[in-house]
Amino acid sequence: MADQPTQTISFQTTESDKLLNPHHDALVISIYIANCLTKRVLIDNGSSANIMFINAFREMGLNESNITRKTAVLIGFSGESKTTVGEIDLPVYAEGVNLSTRFLVIDAPSAFNVILGRPWIHDMEAVPSTFHQVQLQEDGSSNPRTDQSPQLEQHERPDQSHKLENRKRSASFVEEETVEIDEVQISTDYPDRKVRIGAQLNPELRKKLISFLAEHYDCFAWSHEDMTGIDPNIIVHRLQVDPDYPPREQKRRKFAPERNQIINEEVTKLLRNGLVREAHYPEWLANVVVVKKKNGKWRVCIDFTDLNKACPKDSFPLPHIDMLVDATAGHELLSFMDAYSGYHQIRIHPDDEEKMAFMTNIGLWCYKYMPFGLKNAGATYQRLVNRMFANLLGQKWKSTSTICWSSPSMQGTT
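Presented here is a report on the structure given in the accompanying data block. These numbers come from a predicted model, not from an experiment. (Residues numbered from 1 in each chain as written. Predicted model: local features only at pLDDT ≥ 70, side-chain atom pairs only at ≥ 80, totals over all residues. Heavy atoms only, no water.)

Moving on, we get to the overall build of the chain. For the chain, the count of helices and strands is nine helices and 20 strands. Across the 414 residues in the chain, those meeting the buried criterion constitute 40%. Accessible surface computed for the chain: about 24500 Å², of which carbon and sulfur atoms make up 49%. (Helix = DSSP H or I, 4+ residues; strand = E, 2+ residues; numbered from the N terminus. Buried < 20%, exposed > 50% of the residue type's maximum accessible area, 1.4 Å probe, protein only. Areas by Shrake-Rupley, 256 points an atom, 1.4 Å probe, with all protein chains shown as cover.)

This is how it looks when you write it as structure tokens:
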């Protein structure tokens, strides 16, 4: 038998550098469950089930009528038993992965809101480490890192009380340094269209930068209507679905009226801009996931978990962020050009459109252009960027989903 390729998952010693050691803390994280940022979630590979406590369920604003009244008996390590209220399937969002997860709902007091056990850990193909306070996935990426401070507040030892403030600062959810930004107008015809530049620029550089941006005003996309899209002869996205993998139709999820309004507004916008169309008799069907962004707005995503499992991985090389950062050393300026809805400018092959069908409370829809959440979308986008800037890459340009341009002089600003 030929040797099978192996993949090594390892934890770096630097993973625990910012933690207070020695410690005996459990792995407790904050994670999005059913579109709610849920704190005090215990990652427990000793639990054979995913558990949600009824008080947390109610605080999340979920409807108890959606609980399937299917009771089970849970046995603790000391032999005590507890009967569940029922079970419910909810989406769990972690590091770009939306995973439909079955929870057993239990009415009992607990220091935690949710326990994610082996079913979720195995579905995520993750390896948790309580020592490093992080869990790694099969591809080497890490899931949300824990914040030790809640456990410290409950189990703080007298001889370590003075370290409480330092530990809170060393948690993964640290406050970012505030950077002052100015909004400037670059077109007299559209006074409401402004760009943001650093407020600390010296006056001469500020003047040159604003003049440069105004000169190339027509390069900016201010709305979906401004995007012309990429010619399909240059690139299209193919799913390459495994024909032996059976199509999946996800069970429809219910949303509160205000969430349905957010979803329908997003679909209306996508229809108006020609990014989606109505789907007819799709074999693959996914649910919508609504996630709250840091700025308070809502992002509407599609749960392509099942579809992604049926697609082989595209091994196109993606850039390493540490190498990109190192390449900027010695340059006076670093500019970022964030492509406006870059994924939405790449067409989906017509044969694959209805494989990306999703459901709302008003109909079935499918994407005509590449959406976020697809397994190989990043590789396809990187191919496009590399082709667009083939003559510049490795000189002044470093390509990622955000284009970085390092300039040794003040004349190379964009």
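For the rest of this paragraph, the subject is unusual backbone geometry. With phi around 55 degrees, Arg 40 is a residue other than glycine that occupies positive phi space. Among the secondary structure elements, Arg 40 is positioned in strand β2 (residues 36-43). With a relative accessible area of 17%, Arg 40 lands in the buried category. For Glu 125, which is not a glycine, the phi torsion comes out positive at approximately 55 degrees. Take Glu 125: it is sitting in the loop between α2 (118-123) and β9 (126-129).

Below, the discussion takes up the sheet that holds strand β18 (residues 363-367). One open sheet holds the three strands; their spatial order is β13-β18-β17, and the pairing between them is antiparallel. The outermost strands of the open sheet, each flanked by one partner alone, are β13 (276-278) and β17 (357-360). Between one strand axis and the next, the sheet turns through 35 degrees on average, direction left out of account. Across three bridges, β13 lies against β18 in antiparallel orientation. (Pairing = 2+ DSSP bridges. Axes fitted to C-alpha atoms, helices over the stretch in contact; angles between N-to-C directions.)

Another aspect to go through is the packing of aromatic side chains. Scanning all chains against the criterion turns up four aromatic pairs. Pairing Tyr 190 with Tyr 217 gives two aromatic rings, centres 6.3 Å apart and planes at 15 degrees, and the pair type is stacked. Here the residue Tyr 190 occupies a position in the loop between β11 (181-185) and β12 (194-198), and Tyr 217 occupies one in the loop between α5 (203-215) and α6 (257-272), the gap between them amounting to 27 residues. The partly exposed category is assigned to Tyr 190, whose relative accessible area is 38%. Judged by relative accessible area, Tyr 217 falls into the buried class, the value being 15%. (Phe/Tyr/Trp six-rings, centres within 6.5 Å; stacked < 30°, edge-to-face > 60°.)

What the rule picks out here adds up to 14 salt bridges. Between Asp 182 and Arg 206 there is a salt bridge, and its shortest N-O distance comes to 3.2 Å. Remark: Arg 206 occurs in helix α5 and Asp 182 occurs in strand β11; sequence separation between them is 24 residues. Residue classification places Arg 206 among the partly exposed positions, given a relative accessible area of 24%. Salt-bridge contacts for Asp 352 lead to Arg 238; the nearest nitrogen and oxygen are separated by 3.2 Å. Of this pair, Asp 352 sits in the loop between β16 (333-338) and β17 while Arg 238 sits in the loop between α5 and α6, and the two are 114 residues apart along the sequence. Sharing partners across several salt bridges, the network here consists of Arg 277, Arg 347, Glu 353 and Glu 354. (Salt bridge = Lys/Arg side-chain N within 4 Å of Asp/Glu carboxyl O.)

Turning our attention to the side chain of Asn 376. Here Asn 376 lies in the loop between β18 and α9 (377-388). Those residues within four positions of Asn 376 in sequence are excluded, and the remaining contacts are His 237, Pro 312, Lys 313 and Asp 314. (Contact = heavy atoms within 4.5 Å.)

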